[in-house]
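# Structural features, examined
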Amino acid sequence: MTWPKGEGAGPGAETGSLLIRGGLVIDPSQNLEARRDVLIEGGKIRALLKPSAAKARVTPLRRNDEIDATGCWVVPGLIDMHVHAREPGGEAAETLATAAQAAAAGGFTTILAMPNTEPALDTPALLELLKAKAERDACVNVLFAAAATLGRQGQRLSDIARLAAAGAKAITDDGRAVADAALARRAMEWAADCGLVFIEHCEDAGLSRGGLAHEGPAALKKGLGMTPWAAETSIALRDIALAELTGCRLHLAHVSARQSVQALAWAKERGLTVSGEVTPHHLALCEDDVPGQDANFKINPPLRGKEDRDALATALQDGTLDAVATDHAPHADRAKAAGWDQAPPGVIGLETAAAVVLTKLVHRGKLSKKRFIESLSSFPAKLLNLKSKGSLKPGMDADAAVIAPTKLWTVPETFVSKSRNSPFAGARLKGQVRFTLVGGRVVHAL
Ligand SMILES: [Zn+2]
């Protein structure tokens with residue numbers, strides 16, 4: 001179950017001290033993959049104890065102050081740097097509270113909310129309001145990315161310096177690219193000055209105007225409107241050039257095409273601070289997996305070819321791609337029922353991300369445990385400059401997930417999320433999040 005904010009019913013809720021006993025701790029931030037008991041006190045990681053030491057040192061604890069993690073992995077809380085929480089304006093599909101609960105169910109302890117809300121998050125006043133709302137309603141840490149341009153209209157820059165001062169963690173017009181290259185350059189200059197990452201949704205709107213299926217054999221056969229890989233890669237290459245010009249830290253959202261991976265590799269060879277993320281659905285699925293015209297598989301960018309899917313997995317393992325992010329994009333049933341052409345693009349992903357990546361990559365030997373946790377926790381913490389997160393070192397925030405790596409389960413048709421537009425509904429997955437802790441408090445338990 002998921003405990004909503006303010007209803008601290010879980011273990012450790014009262015005493016503030018908790019022991020996660022018997023699990024395999026995987027923490028790339030300290031190059032650790034070993035059996036340890038994790039002692040939590042006052043919302044922080046207090047110590048990682050060798051199992052024999054824990055018994056002597058940690059007595060007496062009440063039964064309620066222990067989590068039995070035997071057979072499980074204990075990892076730093078997952079951090080999703082690409083979530084559409086839909087508040088304000090899209091509350092029929094998701095709210096900050098329900099997005100946070102879905103996150104908790106998926107092992108995520110921190111999420112970065114995208115600014116393509118209604119209205120767009122483009123002012124410090126709205127940011128302050130949403131921060132206060134998240135503080136009150138959300139059971140995980142919610143951070144906010146602010147819009148690069150006013151209303152995400154690509155006409156005038158938003159006040160990036162004031163948004164940064166108000167606590168924005170990234171700058172992006174996600175949902176679309178900043179089309180005007182000169183404006184993108186200035187947004188990057190401001191982001192660099194403010195020490196923020198600029199996240200680009202790489203899509204040339206002219207090239208993608210034809211539709212939202214991958215320009216390949218599957219969509220051709222079905223007669224769907226198509227968008228070519230070059231719509232993504234052309235903007236990725238443009239922005240890599242702008243990152244070199246401005247010195248800005250650039251992050252490419254939801255990379256889907258193998259050519260964009262090559263662009264990213266080239267940028268890294270040049271020593272630029274450019275990174276990229278990939279979604280679980282692009283890692284797990286390709287154009288051939290879209291059943292008919294099922295709008296729950298309509299995503300922007302689209303599911304591409306097998307070669308792309310496989311290149312993304314290879315790039316995640318070798319570090320060309322840095323992060324796994326869900327691009328969690330809830331839509332109400334009615335919106336998705338409008339048919340392929342009319343339905344909005346996007347799928348939910350928070351509750352299935354870890355299990356999908358485990359099933360499709362880790363258990364098939366395509367992704368190491370270390371890279372799995374790096375891409376879902378340590379790297380996003382570093383990129384977003386979260387100094388007390390993404391690690392289980394003593395003194396860090398006690399944000400953690402306990403994962404049963406081989407547990408088989410069937411993804412239900414209904415979700416903790418307010419929406420259920422998932423391509424994985426009904427799928428059989430291997431690996432399940434059993435506990436999620438935020439600041440030492442259990443916010444999800446199975
Ligand atoms: Zn996007």
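Coordinates for the structure precede this section.
Residues numbered from 1 in each chain as written. Predicted model: local features only at pLDDT ≥ 70, side-chain atom pairs only at ≥ 80, totals over all residues. Heavy atoms only, no water.

In this section: the overall build of the protein chain. Helix and strand content of the protein chain: 13 helices and 18 strands. With the C-alpha coordinates of the protein chain rotated into their principal frame, the extents come out at 65 × 45 × 45 Å. Counting the 446 residues in the protein chain, one finds 60% classified as buried. Here the protein chain displays about 16800 Å² of accessible surface, and carbon together with sulfur accounts for 50% of that area. Across the protein chain, the 53 positively charged side chains and the 50 negatively charged ones have centroids separated by 5 Å. (Helix = DSSP H or I, 4+ residues; strand = E, 2+ residues; numbered from the N terminus. Buried < 20%, exposed > 50% of the residue type's maximum accessible area, 1.4 Å probe, protein only. Areas by Shrake-Rupley, 256 points an atom, 1.4 Å probe, with all protein chains shown as cover. Lys, Arg positive; Asp, Glu negative; His and termini not counted. Charge placed at Lys NZ, Arg CZ, Asp CG, Glu CD.)

Time to look at the pattern of salt bridges. Pairs may arise between side chains of opposite charge once their charged atoms sit close together. This model, assessed by the stated rule, comprises 22 salt bridges. With a shortest N-O distance of 3.4 Å, E33 and K369 are connected by a salt bridge. Of this pair, E33 sits in strand 2 (residues 32-41) while K369 sits in helix 13 (residues 369-383), placing them 336 residues apart in sequence. R136 is the salt-bridge partner of D137, the closest N and O atoms lying 3.5 Å from each other. In this structure D137 comes out as partly exposed when scored by relative accessible area, which is 24%. (Salt bridge = Lys/Arg side-chain N within 4 Å of Asp/Glu carboxyl O.)

Helices that pack against each other are described as a pair by the angle of their axes relative to one another and the distance between those axes. It is the contact of helix 7 (residues 230-246) with helix 8 (residues 258-269), at a shortest axis distance of 9 Å, that shows an interaxial angle of 10°. Judged by the angle between their axes, helix 7 and helix 8 are roughly parallel. Of the residues in helix 8, those in contact with E232, T233, L237 and I240 of helix 7 are Q259, S260, A263, L264, W266 and A267. Its residues assigned to classes, the contact of helix 7 with helix 8 shows six nonpolar, three polar and one charged. (Axes fitted to C-alpha atoms, helices over the stretch in contact; angles between N-to-C directions. Parallel < 35°, antiparallel > 145°, perpendicular 65-115°, else oblique. Contact = heavy atoms within 4.5 Å. Nonpolar A, V, L, I, M, F, W, Y, C, P; charged D, E, K, R; others polar.)

Moving on: empty space enclosed by the protein. Counted according to the given criterion, the structure contains three cavities of 30 Å³ or more. Roughly 120 Å³ of internal volume is contained in the largest cavity. Lining the largest cavity are 15 residues, and of these A213, H214, V290, L303 and W340 lie nearest its centre. Sorting the residues of the lining of the largest cavity by element identifies strand 11 (213-214) and helix 6 (217-222) as the ones contributing at least two each. When residues in the lining of the largest cavity are grouped by element, the largest group, three residues, is from helix 6. Grouping the constituent residues of the lining of the largest cavity by class yields 11 nonpolar, one polar and three charged. (1 Å grid on protein atoms, 1.4 Å probe; cavity = no way out; pocket = protein on both sides within 12 Å on 5 of 7 lines; lining within 4 Å. Points joined across faces, edges and corners; volume = space filled by probe spheres on them.)

One can find N31 in the loop between strand 1 (17-27) and strand 2. Between the C-alpha atom of N31 and that of K370, which follows or precedes it by 339 residues, the distance is 8.2 Å.

Here we take up unusual backbone geometry. Negative phi is the rule for most residues except glycine; trans is the rule for most peptide bonds. With omega at 10°, the peptide bond leading from E87 into P88 counts as cis. Along the chain, P88 turns up in the loop between strand 6 (78-83) and helix 2 (96-105). Residue P301 is reached from N300 by a cis peptide bond, and omega for that bond is 0°. Tracing the chain through its elements places P301 in the loop between helix 9 (280-284) and helix 10 (306-318). Phi at N31 is positive, roughly 50°, even though this residue is not glycine. The phi angle at R86 is positive, at roughly 70°, despite the residue not being glycine. On the secondary structure map, R86 appears in the loop between strand 6 and helix 2.

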